[in-house]
Amino acid sequence: KTPNAVETHPSNIETAAQVENIQHLPSPSHSPGVEAVRESVHHVEAVMERAHRSGGWLLSGIICINILILGCALVSGSALNDVAITAVHRQIFLIVLLLLTMLWMLFYTAFTSRKDQAASFKDSHAGPVWLRAGLVLFGLLSFLMDIFKIANYVGYLHCDSAVKVAFPVVQAVFLFVQTYFLWIHAKDCVQLHTNFTRCGLTLTLSTNLVMWMAAVTEESLHQTEIPDLNVNVSHKMYRASYGDKKCKCSHSVCDTFKEAFYYLYPFNIEYSLFASAIAYVMLRNVGRLVEDHSHHNVKFRPKDVCFGPLTGILLVVAGLVTFMVYEVDILKEDENQRNKALLIHFIMNIVIVSLMSLCTLIGCIVYRLDHREHVSAKNPTRSLDVGLLVGASLGQLIISYFTIMAMVVTGARGYLNALNLSWAVLTVLQLGLQNYFIIEGLRREPFHMMQEVALHTNAHAFQEHTETGIVSESNKSGCFLTSSLDKPSWKRRVLKEVCAILLLANIIV
């Protein structure tokens, strides 16, 4: 009986082998036909998802184009005096846009963002603190501008449209709603209601761009307004701010409020640009899956940088002093005083631009010495930063090249023309180096990522040394590496000095 018992109860090794053979047998669920059906189903689902996503982008693009073209037509038409479109029509259109945008923001805050997994992914690069702080600052100044507008237009209610009072009221409410919305949800990567969210963010982006166009147009008309010029062109181009000139203000401080809120227009323009930038990044992040990285607090130590901030502050102070001297002396009738003012102005700018070029070149050399990997993942914030940087530098490049052509054609006679030519050439060189330095810095792997790799490598080395019995040397090397990573290297210190100089010097250039 014992041998029979052994035969009927095989060993564990034989049982495991039999189980393994059974697992490798083809099952009906894994037959080739079923696998093909599953692959086709997954393919159809992927195609439908791409079609759904492309349909949402197409709809939002159509909304954006129509709003921008209609807004551009109304803004440009209301700036002319011989067109039936008035500022009231433009403001009615803007009020409708502001109300629709606020309704969508309230819907997103109250419903979409409260659902589970609606915005489970966060883009750590989107909505940095400095951008949101600038948005709040410019928003407060824009709110002050709306208060001055309300106080001013109230004096014309007896003879002008009430829309001119309603528009700044609605805009003031919009400032609070949008600033709160962008501060809270700037980093969201929305995964639910994606098409509706894309359309809402496109509406927000288009509204801010139309507001920007309207503010730029009004400020430009105010700067170029010539009230007592007997030329037909001026009558056609410049429209009075309050319609009929016979309409008189009912209180005595209208002119004061008018001059006050026109000085605040630049802040309203910057607010619209900041809000447009944040809305664009949010739009690009809709449906985007972002890897979860822990937030790294970057500590700024004043003892690490000293030369850069001091040099930058010195350049700012010297630039302001020479600019004030230039503004005073250039208006004098004495030609020698005007030439002296131009000489000081050119020399100061040449010194600043030359120093910026030298610092940028040093930073580029340090980049070559400090070998780091480039960030390969696509990021809408980085793409927007690069686009805005290149776009903003185009204006200075165009002016510089036009100046170079003018000086070369005229022969650059005299020391002032020679200095102007030198300044233009150095500006082109400095802008090229600075754009390369900034874009290369944006594409480089952050320092804390390299630090994590080094610590991870050291941990593996520590484990290997522990297995071989060398524990003391491993502890020493680990402590040495950690202490060395806490202190910035000379390359990082040089880059910080260069960035500090460029940050302050760009203020005065």
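No experiment lies behind these values; they were computed from the predicted model shown.

**A word on empty space enclosed by the protein**
Counted by the stated rule, this structure contains three cavities of 30 Å³ or more. Each pocket or cavity is described by its volume, and for the second largest cavity that value is around 70 Å³. Along the walls of the second largest cavity sit Arg90, Leu94, Lys149, Phe167, Gln171, Met211, Ala214, Ala215, Glu218, Tyr265 and Asn268, which together make up its complete lining. Of all the secondary-structure elements, those providing two or more residues to the lining of the second largest cavity are α4 (87-110), α6 (163-185), α7 (194-224) and α10 (265-284). With four residues, α7 is the single largest residue contributor to the lining of the second largest cavity. Among the residues forming the lining of the second largest cavity, the class breakdown is six nonpolar, two polar and three charged.

**Some thoughts on the side chain of Glu218**
Along the chain, Glu218 turns up in helix α7. Accessibility expressed as a relative area gives 15% for Glu218, which makes it buried. With near-sequence residues (within four places) excluded, Glu218 lies in contact with Arg90, Lys149, Tyr262 and Tyr265.

**Thoughts on the pattern of salt bridges**
Per the stated rule, a full pass over the model turns up six salt bridges. A salt bridge links Asp188 to Lys122; the nearest nitrogen and oxygen atoms lie 2.3 Å apart. Here Lys122 lies in strand β1 (residues 121-122) and Asp188 lies in strand β2 (residues 188-189), a separation of 66 residues in the sequence. Ionic pairing is found between Asp160 and Lys164, a salt bridge with its closest N-O pair at 3.1 Å. Here the two residues Asp160 and Lys164 agree in accessibility, since each one is buried. Within this structure, Arg90, Lys149 and Glu218 form a network of salt bridges that share partners.

**Some details on the packing of helix α5 (residues 129-153) against α6**
Two elements in contact, α5 and α6, have axes whose closest approach is 9 Å; the angle formed by their N-to-C orientations is 165°. Considering the angle they form, α5 stands roughly antiparallel to α6. The crossing of α5 and α6 is left-handed. For the pair formed by α5 and α6, the contact residues are Arg132, Ala133, Leu135, Val136, Gly139, Ser142, Phe143, Met145, Asp146, Lys149, Ile150 and Tyr153 on the first element and Lys164, Val165, Pro168, Val169, Gln171, Ala172, Leu175, Phe176, Thr179, Leu182 and Trp183 on the second. Across the contact of α5 with α6, the residue classes break down as 15 nonpolar, four polar and four charged.

**Concerning a nonpolar patch on the surface**
Judged by side-chain polarity, Ile313, Val317, Leu320, Val321, Phe323, Met324, Val325 and Ile344 come together as a nonpolar surface patch covering roughly 670 Å² of accessible area. Of all the elements, helix α11 (residues 307-329) adds the most residues to the nonpolar patch, at seven residues. When its relative accessible area of 52% is taken as the criterion, Met324 is described as exposed.

**Some words on the state of the cysteines**
Counting across every chain of the model gives one disulfide. Across the disulfide from Cys249 sits Cys254; the S-S distance is 1.6 Å. The chirality of the disulfide connecting Cys249 with Cys254 is right-handed, given an S-S dihedral of about 45°.

**As for the nonpolar core**
Within the largest apolar cluster, 38 residues are counted, with the highest numbers of intra-cluster contacts made by Leu135, Phe181, Leu182, Leu201, Val210 and Ile278. For this core, the secondary structure elements donating two or more residues are α3 (32-78), α4, α5, α6, α7 and α10. For this core, the element with the most residues is α4, which contributes ten residues. Once you skip the residues sitting within four places of it in the chain, Ile278 turns out to touch Leu131, Leu135, Leu182 and Ala186. With 15 residues, the next largest nonpolar core counts Met356, Cys359, Val498 and Ile501 among its residues.

**Concerning the packing of α10 against helix α13 (residues 380-410)**
One can describe the packing of α10 onto α13 by two numbers: an axis separation of 9 Å at closest approach and a directional angle of 140°. By the angle between their directions, the pair α10 and α13 is classed as oblique. At the point where α10 passes α13, the crossing takes the right-handed sense. Contact residues: Ala277, Tyr280, Val281 and Arg284 in α10; Pro380, Thr381 and Leu384 in α13. Of the residues belonging to the contact of α10 with α13, the class tally is five nonpolar, one polar and one charged.

**Quick notes on unusual backbone geometry**
In the Ramachandran plot, His193 falls in the positive-phi region, its phi being about 50° despite a non-glycine side chain. Along the chain, His193 turns up in the loop between β2 and α7.

**Observations regarding the packing of aromatic side chains**
Overall, the coordinates contain 15 aromatic pairs when judged by the stated rule. Between Tyr153 and Phe261, the ring centres sit 6.3 Å apart and the planes meet at 45°, which makes this aromatic pair tilted. Separated by 108 residues along the polypeptide, Tyr153 in helix α5 and Phe261 in helix α9 (residues 254-263) bring together distant segments of the chain. A residue is classified by how much of its surface remains accessible, and Tyr153, at 10% relative accessible area, is buried. Judged by relative accessible area, which is 0%, Phe261 ranks as buried. Arranged with centres 4.8 Å apart and planes meeting at 35°, the rings of Phe261 and Tyr262 form a pair that is tilted. Taking NZ or CZ as reference, Arg132 lies 4.7 Å from the ring centre of Trp183, over its face.

**A closer look at the environment of Met145**
Mapped onto the fold, Met145 is located in helix α5. Along the chain, Met145 and Ala172 lie 27 residues apart, while their C-alpha atoms are 9.1 Å from each other. Look past the residues within four positions of Met145 in its chain and what remains in contact with it is Gln171, Phe261, Leu264, Tyr265 and Asn268.

The rules behind the values
Residues numbered from 1 in each chain as written. Predicted model: local features only at pLDDT ≥ 70, side-chain atom pairs only at ≥ 80, totals over all residues. Heavy atoms only, no water. 1 Å grid on protein atoms, 1.4 Å probe; cavity = no way out; pocket = protein on both sides within 12 Å on 5 of 7 lines; lining within 4 Å. Points joined across faces, edges and corners; volume = space filled by probe spheres on them. Helix = DSSP H or I, 4+ residues; strand = E, 2+ residues; numbered from the N terminus. Nonpolar A, V, L, I, M, F, W, Y, C, P; charged D, E, K, R; others polar. Buried < 20%, exposed > 50% of the residue type's maximum accessible area, 1.4 Å probe, protein only. Contact = heavy atoms within 4.5 Å. Salt bridge = Lys/Arg side-chain N within 4 Å of Asp/Glu carboxyl O. Axes fitted to C-alpha atoms, helices over the stretch in contact; angles between N-to-C directions. Parallel < 35°, antiparallel > 145°, perpendicular 65-115°, else oblique. Left-handed = near helix turned anticlockwise from the far one by under 90°. Patch = residues over 30% accessible without salt bridge, like charges linked within 9 Å, V, L, I, M, F, W, Y side chains within 5 Å. Areas by Shrake-Rupley, 256 points an atom, 1.4 Å probe, with all protein chains shown as cover. Disulfide = S-S within 2.5 Å. Core = buried A, V, L, I, M, F, W, Y, C linked by side-chain atoms within 4.5 Å. Phe/Tyr/Trp six-rings, centres within 6.5 Å; stacked < 30°, edge-to-face > 60°. Lys NZ or Arg CZ within 6 Å of the ring centre and 35° of its normal.

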